[in-house]
Amino acid sequence: MIQVNGIQKAYQQTTVLKEIEFSVCKGEFFGIIGPNGSGKSTLLKMISGVIPYDVGEIVIQDKPLRKYARKELAQILAVLEQEGLPPVGFRVREVMEMGRFPFQNWLGEEAEDATALIDEIIEMLGLSALEDRTLDQLSGGEKQRVALGKALVQKPKLLLLDEPTTYLDIGYQIQLMDIVKGWQKTTGVTVVAVLHDLNLASLYCDRILMLHKGKQVQVGGPREIMTSSLIEDVYGTRPIVMEHPVHQLPQIFLKSEMGK
Ligand SMILES: Nc1ncnc2c1ncn2[C@@H]1O[C@H](COP(=O)(O)OP(=O)(O)OP(=O)(O)O)[C@@H](O)[C@H]1O
């Protein structure tokens, strides 16, 4: 689905990503982790075509990214990002409808009626009671669900998530990740997610790319990536890693230097 071949990126004179090389299979849930400033968002923005890369190539569905027209890319790829919502005056349903722009002609008409799809997604995200509210009348967590809805109504083949659980309490974190996973199972969408929470990354991702200071440290399954030595090398703190009692996947426990 995606091949990232030898990507390099500099802002002004400072290189922020170098020699990034990996591929993501169709239908995979692929995570990108790493400390603050390691280049995660920059990499995701390059995959979504928002910012250019300096060296290398990104290929999506066997076609180099730079050969895609904007609208053509928007028909296969959707992004959930913090700043992805329109200005505040819009209502929840209107925002969902905006997700259909890539499929409309210049008159705002679409070959397929998307009303049923929008209804289904509003219902699935628990937004039915809020659909006539404007964005400024929503909490941070509710806005995040609207942003996810706007991405899902595009019915993307590739869904890019930039820190999707920011602002969400633990209940909504799991709910949002489960919704994405469930949606993936029914539609076969490929998901690439930048995640700060290593435990969520371990639970949901098939494979994970770990970045450190703009370099690719390793790509592998949760058991290969979630080791205390690798995490200590990259994050500078040595956690305890234990197997989740239900999911049999590695989970980390942080250790305080101060004790209690
Ligand atoms: N527009 C920009 N101009 C200059 N430098 C930038 C720009 N955007 C990001 N950077 C720098 O590039 C590096 C990588 O930033 P990026 O936002 O990709 O990291 P990140 O891993 O997503 O960080 P975080 O976890 O803190 O969100 C950082 O050093 C950042 O300061």
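Residues numbered from 1 in each chain as written. Predicted model: local features only at pLDDT ≥ 70, side-chain atom pairs only at ≥ 80, totals over all residues. Heavy atoms only, no water.

Per an unreviewed UniProt entry, the recorded name for the protein chain is ABC transporter ATP-binding protein, and the organism is Brevibacillus reuszeri.

Undergrad: Please clarify how the overall build of the protein chain should be interpreted in this entry.
TA: When helices and strands are counted, the protein chain shows 9 helices and 12 strands. In terms of overall dimensions, the protein chain has C-alpha extents of about 55 × 45 × 35 Å along its principal axes. Expressed as a percentage of contacts within the protein chain between residues at least 6 apart in sequence, the contacts between residues at least 24 apart total 63%. Roughly 13,000 Å² of accessible area belongs to the protein chain as shown, and the carbon and sulfur atoms make up 51% of that amount. The positive charge centre, built from 28 side chains, and the negative charge centre, built from 33, are 4 Å apart in the protein chain. (Helix = DSSP H or I, 4+ residues; strand = E, 2+ residues; numbered from the N terminus. Contact = heavy atoms within 4.5 Å. Areas by Shrake-Rupley, 256 points an atom, 1.4 Å probe, with all protein chains shown as cover. Lys, Arg positive; Asp, Glu negative; His and termini not counted. Charge placed at Lys NZ, Arg CZ, Asp CG, Glu CD.)

Undergrad: Help me out: how do you make sense of the site of the ligand in this one?
TA: Lining the immediate environment of the ligand, one finds 13 residues, of which Gly37, Gly39, Lys40, Ser41 and Thr42 sit closest. Contact distances for the ligand include 2.9 Å between an oxygen atom and a backbone N or O atom of serine 41. In the complex, the protein chains occlude 59% of the 640 Å² of accessible area that the ligand would expose alone. If you tally residues by element for the shell around the ligand, the top one is helix H1 (residues 40-47), at 3 residues. The residue makeup of the shell around the ligand, split by class, is 3 nonpolar, 8 polar and 2 charged. (Near = heavy atom within 4 Å. Polar contact = N/O pair within 3.5 Å; in protein donor to acceptor, adjacent residues only side chain to side chain. Nonpolar A, V, L, I, M, F, W, Y, C, P; charged D, E, K, R; others polar.)

Undergrad: Would you take a moment to explain a nonpolar patch on the surface for this structure?
TA: A cluster of nonpolar side chains, namely Ile240, Met242 and Phe253, defines an oily patch on the protein surface of about 290 Å² accessible area. Mapping methionine 242 onto the fold places it in strand E11 (residues 240-243). Take methionine 242: its relative accessible area is 46%, and that puts it in the partly exposed class. (Patch = residues over 30% accessible without salt bridge, like charges linked within 9 Å, V, L, I, M, F, W, Y side chains within 5 Å. Salt bridge = Lys/Arg side-chain N within 4 Å of Asp/Glu carboxyl O. Buried < 20%, exposed > 50% of the residue type's maximum accessible area, 1.4 Å probe, protein only.)

Undergrad: Would you explain the pairing of strand E12 (residues 250-253) in this entry?
TA: In summary, the side chains of a regular strand alternate between the two faces of the sheet. Sheet topology places E11 next to E12; 4 bridges connect them, and they run antiparallel. Note on E12: the bridge partner recorded for glutamate 243 is proline 250. Between the antiparallel neighbours E11 and E12 lie 6 residues, among them glutamine 248 with a positive phi of about 50°. (Pairing = 2+ DSSP bridges.)

Undergrad: How do you make sense of the environment of alanine 69 when you look at a structure like this?
TA: Relative to the helices and strands, alanine 69 resides in the loop between strand E5 (63-64) and helix H2 (70-74). Owing to a relative accessible area of 44%, alanine 69 belongs among the partly exposed residues under this scheme. Once the C-alpha coordinates of alanine 69 and serine 139 are considered, the two residues, 70 residues apart in sequence, prove to be 35 Å apart.

Undergrad: So what exactly am I meant to see when it comes to the pattern of salt bridges here?
TA: Oppositely charged side chains can pair when the atoms bearing their charge come close. Counted according to the given criterion, the structure contains 6 salt bridges. Glutamate 28 is the salt-bridge partner of arginine 207, the closest N and O atoms lying 2.5 Å from each other. Of the two residues, arginine 207 is situated in strand E9 (residues 207-212) and glutamate 28 in the loop between strand E2 (14-24) and strand E3 (29-33); the sequence distance between them amounts to 179 residues. Judged by relative accessible area, arginine 207 falls into the partly exposed class, the value being 24%. Note that aspartate 119 and arginine 93 form a salt bridge whose closest N and O atoms lie 2.3 Å from each other. With a gap of 26 residues between them, aspartate 119 in helix H4 (residues 115-124) and arginine 93 in helix H3 (residues 92-98) connect regions that are remote in the sequence.

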